[in-house]
Amino acid sequence: MRWSEDWVAVWLGGGLLILATGLFVAFPVWGIETASLAEFIEGLSSRFATWQWSPLGTLARPGWVGMGILLSLLLALGTAMSGKPVRPFVKGFVFVFGLAVVAKVLASQADFKSAGLGYALWAIALGLIIRNGFGLPSWVDPALQHELFVKIGLVLLGAEVLFGKVLAIGLPGIFVAWVVTPIVLVSTYWFGQHILKISSKSLNLTISADMSVCGVSAAIATAAACKAKKEELTTAVGLSMAFTSLMMVAMPALIKAVGMPEVLGGAWMGGTIDATGAVVAAGAFLGERALNVAATIKMIQNILIGVIAFAVAVYWTTRVERSEGQASGIQLSEIWKRFPKFILGFAGASLFFSLLHQSLGAELAASSIEDGLYGFSKSLRGWLFALAFVSIGLSTDFKVLRAQFSGGKPLILYLCGQSFNLILTLLVAWLMFYVVFPGITESI
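Residues numbered from 1 in each chain as written. Predicted model: local features only at pLDDT ≥ 70, side-chain atom pairs only at ≥ 80, totals over all residues. Heavy atoms only, no water.

Chemist: Can you help me understand the pattern of salt bridges in this one?
Modeler: Pairs can form between side chains of opposite charge once their charged atoms are near each other. Scanning the entire structure with this criterion turns up one salt bridge. The residue Glu5 makes a salt bridge to Lys151 at a minimum N-O spacing of 3.1 Å. Of the two residues, Glu5 sits in helix α1 (residues 5-30) while Lys151 sits in helix α8 (residues 146-160), which places them 146 residues apart along the sequence. (Salt bridge = Lys/Arg side-chain N within 4 Å of Asp/Glu carboxyl O. Helix = DSSP H or I, 4+ residues; strand = E, 2+ residues; numbered from the N terminus.)

Chemist: Just to check I follow, could you spell out helix α7 (residues 119-134) for this structure?
Modeler: The α-helix advances 3.6 residues per turn, and as a result positions three or four apart in sequence lie on the same side. Here α7 contains 16 residues, and its C-alpha end-to-end distance of 21 Å stays within 8% of the 22 Å for a straight helix at 1.5 Å per residue. A positive backbone phi angle near 90 degrees is found at Gly135, which sits one or two residues after α7. (Expected span 1.5 Å × (residues − 1).)

Chemist: Can you help me understand the packing of helix α10 (residues 201-214) against helix α15 (residues 288-302) in this one?
Modeler: When two helices pack together, their arrangement is given by the angle between the helix axes and by the axis-to-axis distance. Orientation of α10 relative to α15, taken along the N-to-C sense of each, is 140 degrees, at an axis distance of 9 Å. One way to sum up the angle between α10 and α15 is to call them oblique. When α10 is examined against α15, the residues Ser212, Val213 and Cys214 are found in contact with a partner set consisting of Lys298, Gln301 and Asn302. (Axes fitted to C-alpha atoms, helices over the stretch in contact; angles between N-to-C directions. Parallel < 35°, antiparallel > 145°, perpendicular 65-115°, else oblique. Contact = heavy atoms within 4.5 Å.)

Chemist: What exactly am I supposed to notice about the environment of Ile183 here?
Modeler: Within the secondary structure, Ile183 is located in helix α9 (residues 163-194). Sequence separation between Ile183 and Asn421 is 238 residues; the distance between their C-alpha atoms is 9.0 Å. Among residues more than four places away in sequence, those in contact with Ile183 are Phe420 and Leu424.

Chemist: I keep staring at the packing of α8 against helix α18 (residues 342-360) and nothing clicks. Help me out?
Modeler: At a minimum axis distance of 6 Å, the contact between α8 and α18 shows a crossing angle of 20 degrees. In this view, α8 runs roughly parallel relative to α18, as classed from their interaxial angle. The way α8 lies across α18 gives a crossing that is right-handed. Of α18, the residues touching α8 (which contributes Lys151, Leu154, Val155, Leu157, Gly158 and Ala159) are Phe342, Gly345, Phe346, Ala349, Ser350 and Phe353. Grouping the constituent residues of the contact of α8 with α18 by class yields eight nonpolar, three polar and one charged. (Left-handed = near helix turned anticlockwise from the far one by under 90°. Nonpolar A, V, L, I, M, F, W, Y, C, P; charged D, E, K, R; others polar.)

Chemist: Explanation requested: a nonpolar patch on the surface in the structure shown.
Modeler: Together, Ile174, Phe175, Trp178, Val179, Ile183, Ile303 and Phe420 line one region of the surface with nonpolar side chains, adding up to about 550 Å² of accessible area. With five residues, the top contributor of residues to the nonpolar patch is α9. As for its placement among the helices and strands, Trp178 is situated in helix α9. Under the relative-accessibility criterion, Trp178 is labelled partly exposed at 37%. (Patch = residues over 30% accessible without salt bridge, like charges linked within 9 Å, V, L, I, M, F, W, Y side chains within 5 Å. Areas by Shrake-Rupley, 256 points an atom, 1.4 Å probe, with all protein chains shown as cover. Buried < 20%, exposed > 50% of the residue type's maximum accessible area, 1.4 Å probe, protein only.)

Chemist: I'm lost on the packing of aromatic side chains in this one. Help?
Modeler: Two aromatic rings, taken as a pair, are described by how far apart their centres are and by the angle between their planes. Throughout the structure, instances matching the rule amount to nine aromatic pairs. Between Phe97 and Trp383, the aromatic rings sit 5.1 Å apart at their centres with planes inclined by 25 degrees, giving stacked as the arrangement. Taken as a pair, Phe97 in helix α5 (residues 86-107) and Trp383 in helix α19 (residues 362-395) lie far apart in primary sequence, 286 residues in all. The two residues Phe97 and Trp383 agree in class, both being buried. An angle of 90 degrees between the planes, with centres 5.1 Å apart, marks the rings of Phe352 and Phe353 as edge-to-face. (Phe/Tyr/Trp six-rings, centres within 6.5 Å; stacked < 30°, edge-to-face > 60°.)

Chemist: Would you explain the nonpolar core in this entry?
Modeler: For soluble globular proteins, the rule of thumb is that nonpolar side chains tend to be buried together. Of all hydrophobic cores here, the largest spans 120 residues; its most connected members are Leu71, Leu387, Phe389 and Leu394. Sorting elements by how many residues they give to this core places α19 first, with 16 residues. Setting aside chain neighbours within four positions, we find Leu71 in contact with Ala76, Phe93, Phe97, Leu380, Trp383, Leu384 and Leu387. (Core = buried A, V, L, I, M, F, W, Y, C linked by side-chain atoms within 4.5 Å.)

If you want it as structure tokens, here you go:
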């Protein structure tokens, strides 16, 4: 059976969490001795030690080698589940993982670490330099599956975000994601039609949805609903990738420079940066609190993909196509087809571990889940994100993206819509997190 990428992420991420639960939670509760196996798994979680002049000492620790073997087996299984050839993936994966190791080693250097130059920045930078400075061998391409890497990591992140925290972030986050997003989408589309007078309504709507909801996934869903041309979808995706690359680096730097609170910064980035992977990368630049808030708000926003696709289909069939003398039915299956199903894995993991955490009691939950399982899942998630960031860099060709900036009106539309999005999201995030629900902010 060939599984979609979203379902592969759910099954692999969920399987890892079940295995880790048995090792760190269930077996100790049942009195089963698993010390040696648990120590081995914890050894895989070891981070690179801080170094000043030579990284040889930190590289001598064998944990990263074992993690590479584990990830290669895991992701090879995911590749097979997706119906893709395994051998080309494994060959390219060695190169991608090697760059991830270099990125993590550079991030552990004392001066870089104190300056806040994390592995995400190094991973993307290395990928961009190699792709655009030296060229990328074709045999690496099968391993550039950044969406799969990020989605598995986000399923793992669900175990770390307890349901109570999701609800706490979700209450003000709903205003940030579900109120701001439709306003920005409709306003940008209106601006494109009445001010810029873009001739193609489908291009206008695809760019507006891409920019306001969550990037490529929303663009694909919207393009399918409004029957946009392939070139229009490519333009929207190209603009999204270009500005996402800029925003994921510029926004954390700006937030740090002005001293913005981490929660507010995370909410701002979660509501404005297009791609889920880029949101995670930007959140990682700021810290764990910003990462959790940004990722959760992006998850809440991602739910709108199905709603937006349905709304666009209704609008297109009842207003646009009817005015053009065409008749078309609404494809309800398109909502489920485009819905990002890895969110179900994130939500399921969050709910399961929230109930488990509560049932074990504070002391046992702290020792088995927070000190044991989370250490492993955070390390594994960090490696998956590093692989994703390397893949994003290696997949970004400046020559291809440069052509997207010559379109005139599409570029102006994106710039104006994103500017409005940044202003409105920051205002609503500040109101919700620091004026209306300040108690929730303090508990995050």
